[in-house]
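Residue strings, one per chain:
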Amino acid sequence: MPIDMELEAVLRPTQYPMPPYPPKTITLANGKVMVVRQAVREDVPAILKSVHPCLFIERDYYDIVSARLYGELLAWYRYRVKSEYCLMGQVDGYLVGIVNGRMENEKVGMSYHTLAIDRGLRIGSHLFAAKMEYHLEYLGQEEVLIVAESPIGFRRWMIEYPLEATKIPHELGGGDSYLLTREIYFKAKPRLVVGDRPVSQELMAEAEAEIKFADDDTIRERIAGLKGR
Amino acid sequence: MRDVAIIGAGMIPFGRRDEDTLMDMLAYASLKALDDAGLGDKSVDAVYVGNMGGGMLQRQTAIASSLVDRLNLMPAAAETVENGPASGGSAVKNGLLAVASGYYDYVLVVGGEKMREVTGWRATDFVATMTHPQAEYPYGITLPGMAGMFTRLYMEKYGVTREHLLAISLKNQEMGTLNPYAHVEMALDRGGIFDSPHAIVNNPTSADPLHLYDLCPVSDGAAALILCPLEMAKKLAKPPILIAGFGQATDTQTLQERDDPTDLKAVTLAAQKAFEMAKLKPGDIHVAELHDAFTILEIAESEHVGFFKKGEGGKAAAAGKTRLGGQMPINISGGLKARGHPVGATGVAQVVDIVFQLRHELPKNRQVQKAENGLTVNFGGFGNNVLAFVLRRVQS
Amino acid sequence: MKKEIAITAYKCKKCGKLHYPYHDRCLACKSREFEQIKPQGNAKLLTYTAIFNLPWGFDQRFLILGVAEFENKIKAMGQIKADSVDQLKVGMKMKPSWEPIRVQYGEDVYGLKFEPME
Ligand SMILES: CC(C)(COP(=O)(O)OP(=O)(O)OC[C@H]1O[C@@H](n2cnc3c(N)ncnc32)[C@H](O)[C@@H]1OP(=O)(O)O)[C@@H](O)C(=O)NCCC(=O)NCCS
Ligand SMILES: [Zn+2]
């Protein structure tokens, strides 16, 4: 059935204009170079393939985080969310992490989720930082609302920045949100936000050629480990 | 006193083992050691379990009694040995003395810990409970914090640099990638953790001046050994490994009450006793497993046991002298840095790794050629309870 | 109001060795009789660290701890009031105080704090 564009015009939320996130590269602890760049709407089906196996990993609340992320990305793909964006990390073309968020209004951003598909390389920290960089430096917002679902997320974001507690409700009914202000961000930036720009043509071409993703078992193994089986 | 040999050794992969309970891990490692010794369906006379945190982390006590039940080793004598991060070494020592005395013939020694049952904050708190209950613990001190204060003094006094510490992290994590039992299986890149401006995020300060990759991870794991009198070990398929020497020493609980807080007297004394009993010198050792819970400790211990002069350990490591093929290979298993540090398991795991080395059964890329004598150092508290073992391959 | 520093050190009545914390027998001569001594004056910083991976019960990003020696030679660990270790160096003069160092079971626990005087 063709999409009813008259109805869509009613259902689709309005979108704020969003300037692009300029890609950057980060050298990881193992010496590999991660390209951090913005996904386009058409990338969503490929990204969801990497999110899918994470739906079944209980460890560190990967299941909840990835279920929510899955829904949010789908909503973006099918025009059911206001001003969402997605940044991703790729190493050798392989997707190693995904972060997303949206603009609540012109001044306030909402950080959605952070999913690291490889562990022990601080990929989550790097991508979360890229997300904050996007909100405050490229979207020019005043503040970002953040919630953490996992203890690791709590420790990393709430304590490392450190964020301010608020009474603002969580978008999905979870714990109250925390707040990153411009002041906190620029104070924390020297120790948390890194990356080199511009990205060389070769690396960019490799990243854009194909969003590669490991097979389900490899992803599960990377996150949950084989140990204990 | 009888000569005591190790006739069985077994270990399970260290890491985060969500699916296993503490008892599962102790049982799996024990079975591997029993099988390795060819005692599959036989019993032992006594069992010593090294474990530090069962009572706190699992709310489980009398762990050794539970283990003999699981393994049907009844009516063997059994007890749990708690001695902080040296619990494993203490379990080995108890097994050794029991056999040496002539009282027991076959003894199972197993060390295990499940630390990832709790979040990092709780694990850090658990480890910190070994500090002084009034003069240290309430302040929020942690073991990495103790190591940080020690490192600052050691750097100042002996000229140890970050470059030296880095050599240890790089070497041990590289070796970890070759060890199927290691927790961390990722080689580090100097650029990624030090040279690049991105290192500030990849390798942040953890306990100044120590950084993340100067610390061992928090691990689950278990390792086990079977001991018996050397006389009874001679007809077995695998070469028996003699526990040729052993030493243990203690020191003050707080660093500030030591005359020289950079002097790890208990390490020196434990190693001296072990060498004396084995009638060997540091120079006779071909391979060593030192307690590198923090990179500085590998350097400091390599000096205190007598491999290098004070102030030379860091330089030796940076010059590659402690790598495989070097003058004194140290932590070829990856050490605590990469193998991981499930506290109660470590002292046993170190001995297991040296047994593998002395039996010459490791793949070429991590076998020290013609290794005949090995040393382990298991460091408890902040050097206030240390055990050392000298192991020797018995010529048949 | 400034609180008195509630630390007691123990001076061996036989050989004069100073102890903190308490030991039942002298670390030098094994004697069991001690004179109780209070820390006096300012302190000299002997070593320090900033801990970023804190145990349960500490919600801040990092905590600076150190060991310092009082004018009457008592050595003790304390929390350091500084924004960064860059403000510290071994040997510097520190002002001691007795203040809340953590909360346990809903109550303030008091202990030593040191503040750089330079
Ligand atoms: C440094 C430390 C706080 C890091 O903890 P963290 O940032 O919470 O790490 P995470 O739990 O997020 O670990 C994520 C991954 O990073 C890697 N990692 C964590 N710590 C590491 C370390 N110290 N070295 C190398 N890799 C490490 C692991 O691959 C880990 O994967 P896993 O979950 O499969 O084990 C922790 O390792 C620590 O406390 N170490 C000291 C332990 C100690 O003091 N032991 C007692 C000594 S006597
Ligand atoms: Zn005395």
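Residues numbered from 1 in each chain as written. Chains lettered and ligands numbered in written order. Predicted model: local features only at pLDDT ≥ 70, side-chain atom pairs only at ≥ 80, totals over all residues. Heavy atoms only, no water.

## Describing the overall build of chain C
Let me state the cut-off plainly: Strands here are runs of E lasting at least two residues and helices are runs of H or I lasting at least four, both read from the DSSP assignment and numbered beginning at the N terminus. Each residue's exposure class comes from its accessible area (1.4 Å probe, protein chains only) as a fraction of the maximum for that residue type: buried when under 20%, exposed when over 50%, partly exposed otherwise.
Within chain C one finds 0 helices and 8 strands. In chain C, the succession of helices and strands from N to C terminus is β-β-β-β-β-β-β-β. Dimensions of chain C, computed from C-alpha atoms along their principal axes, come out at roughly 45 × 35 × 30 Å. Residue burial in chain C is summarised as follows: out of 118 residues, 48% are buried.

## Thoughts on helix α11 (residues 265-278) of chain B
Three- or four-residue spacings in an α-helix give side chains the same orientation, since the helix completes a turn every 3.6 residues. Residue and element names in this part refer to chain B. Here is the rule: For a helix, the expected span equals 1.5 Å multiplied by the residue count minus one. An arc is given here, and it is the one of the directions from the helix axis to the C-beta atoms. Working rule for contacts: check all heavy atoms of both residues, and any pair within 4.5 Å makes them a contact.
Compared with the 20 Å implied by 1.5 Å per residue over 14 residues, the 20 Å span of α11 between its first and last C-alpha is a close match. Taken together, the buried positions of α11 are A266, V267, A270, A271, A274, F275 and A278. With its buried residues spanning 160 degrees around the axis, α11 presents them on a single face. Its buried side turned inward, α11 meets β8 (241-250), α12 (295-304), β10 (373-380) and β11 (385-393). Of the residues trailing α11, K279 is marked for its positive phi of about 55 degrees.

## Focus: the interface of chain A and chain B
Let me state the cut-off plainly: Here the buried area means the combined drop in accessible surface, using a 1.4 Å probe, for two parts upon being joined, counting both sides. Just to be clear on terms, a salt bridge is a Lys or Arg side-chain nitrogen sitting within 4 Å of an Asp or Glu carboxyl oxygen. Polar contacts, as used here, are pairs of N or O atoms within 3.5 Å; protein pairs need one atom able to donate a hydrogen and one able to accept it. Residues neighboring in sequence count only if both atoms are side-chain atoms. Nonpolar residues are Ala, Val, Leu, Ile, Met, Phe, Trp, Tyr, Cys and Pro. Charged residues are Asp, Glu, Lys and Arg, and all others, Gly as well, are polar.
Taken together, the contact between chain A and chain B spans 27 residues of the former and 28 residues of the latter. Together chain A and chain B conceal approximately 2100 Å² of surface at their shared face, both sides included; 55% is due to carbon and sulfur atoms. On inspection of chain A and its partner chain B, the count reaches 1 salt bridge. Linking A:D60 and B:R16 is a salt bridge whose minimum nitrogen-to-oxygen distance equals 3.4 Å. Taken together, the links from chain A to chain B amount to 7 residue pairs in polar contact (both at pLDDT 80 or more). Put simply, the parts of the chain that give the side of chain A that touches chain B at least two residues each are β1 (24-27), α4 (123-138), α5 (151-160) and α6 (182-192) of chain A. By residue number, the principal contributor to the side of chain A that touches chain B is α5(A), which donates 4 residues. In terms of residue class, the side of chain A that touches chain B is made up of 10 nonpolar, 9 polar and 8 charged.

## Overview of the interface of chain C and chain B
Contacts between the two partners involve 36 residues from chain C and, on the opposite side, 29 residues from chain B. Where chain C abuts chain B, roughly 2700 Å² becomes buried across the two surfaces, and 59% of that area is made up of carbon and sulfur atoms. Our count for the chain C to chain B interface comes out at 0 salt bridges. Looking at the side of chain C that touches chain B, the elements with two or more residues in it are β2 (18-19), β4 (43-51), β5 (63-70), β6 (75-80), β7 (93-104) and β8 (107-116) of chain C. By residue number, the principal contributor to the side of chain C that touches chain B is β4(C), which donates 6 residues. Across the side of chain C that touches chain B, the residue classes tally to 23 nonpolar, 10 polar and 3 charged.

## What about the coordination of the zinc ion (ligand 2)?
As a benchmark, a tetrahedral metal site with four donors has ideal angles of 109.5 degrees, while an octahedral site with six donors has ideal angles of 90 or 180 degrees. All names here are of chain C. Defined as follows: Listed donors are limited to N, O and S atoms within 2.8 Å of the metal, widened to 3.2 Å for Na, K and Ca; water is not among them, so incomplete-looking sites are possible. Tetrahedral means four donors with every angle between 85 and 135 degrees, whereas square planar (four donors) and octahedral (six donors) require angles over 155 degrees between opposite donors and between 65 and 115 for all others; sites fitting neither are termed irregular.
The coordination sphere of the zinc ion (ligand 2) contains the protein donors C12 (SG), C15 (SG), C26 (SG) and C29 (SG), at a distance range of 2.3 Å. Taken together, the 4 donor atoms coordinating the zinc ion (ligand 2) span angles of 102 to 115 degrees at the metal, a pattern that classifies the geometry as tetrahedral. In primary sequence terms, the donor set of the zinc ion (ligand 2) follows C-x2-C-x10-C-x2-C. With C12 in strand β1 (residues 9-12) and C26 in the loop between β2 and β3 (34-37), this pair connects stretches of sequence that are 14 residues apart. What makes C12 buried here is its relative accessible area of 3%.

## Digging into the sheet that holds strand β2 (residues 46-50) of chain B
Residues and elements named next belong to chain B. What counts is decided by this rule: Strand pairing is assigned whenever DSSP identifies at least 2 bridges connecting the two strands. Each axis is a line fitted through C-alpha atoms, taken for helices only over the stretch in contact, and angles between the N-to-C directions span 0 to 180 degrees.
Read across the sheet, 9 strands follow the order β3-β2-β4-β7-β1-β8-β11-β10-β9 without closing on themselves; strand pairing throughout is mixed. The strands lining the two open edges of the sheet, one partner per strand, are β3 (77-81) and β9 (287-289). Strand-to-strand twist across the sheet, computed as the mean angle between neighbouring axes with direction ignored, equals 25 degrees. Of the strand pairs in this sheet, β8 and β11 are connected by 9 bridges, and their pairing is antiparallel. Note that in β11 the partner of I243 across the bridge is L391. Packing of helix α4 (residues 87-100) onto the sheet brings it into contact with β1 (4-11), β2, β3, β4 (107-114), β7 (220-229), β8, β10 and β11, and relative to β2 it is tilted by some 160 degrees.

## With respect to the site of ligand 1
Definition in use: When we say a residue is near a molecule or strand, we mean one of its heavy atoms is within 4 Å of it. Each accessible area is a Shrake-Rupley result for a 1.4 Å probe, and residues are judged covered by the shown protein chains and nothing else.
Near ligand 1, the surroundings consist of 24 residues, among which A:R59, A:R119, B:R116, B:H183 and B:C216 are the closest. Side-chain polar atom of B:H183 to an oxygen atom of ligand 1: 2.6 Å apart, as the coordinates give it. One of the side-chain nitrogen or oxygen atoms of B:K337 is found 3.0 Å away from a nitrogen atom of ligand 1. Isolated, ligand 1 exposes 910 Å² of accessible area, and the fraction of that covered by the protein chains is 87%. Looking at the shell around ligand 1 residue by residue, the class counts come to 13 nonpolar, 5 polar and 6 charged.

## Concerning the layout of surface pockets
This is how the line gets drawn: A pocket here means an open set of points on a 1 Å grid, computed over the protein atoms alone, that has protein on both sides within 12 Å along at least five of seven lines. A cavity is instead a set of points where a 1.4 Å probe fits but cannot get out; residues with an atom within 4 Å of a point line either one. Grid points are joined across faces, edges and corners, and a volume is the space filled by probe spheres set on the points.
Computed from the structure, the second largest pocket encloses a volume of approximately 500 Å³. Lining of the second largest pocket is provided by 18 residues; of these, A:R191, C:R61, C:F62, C:D83 and C:S84 occupy positions nearest its centre. Element by element, the count of residues in the lining of the second largest pocket is highest for α6(A), at 4 residues. In the lining of the second largest pocket, the residues fall into 9 nonpolar, 3 polar and 6 charged.

## As for the confidence of the model for chain C
Heads up, the condition is: Here pLDDT means the predictor's own confidence in every residue, given as a number from 0 to 100.
With 99% of its residues at a pLDDT of 70 or more, chain C shows a mean pLDDT of 96. Reported confidence for the predicted complex is 0.97 by ipTM and 0.96 by pTM.

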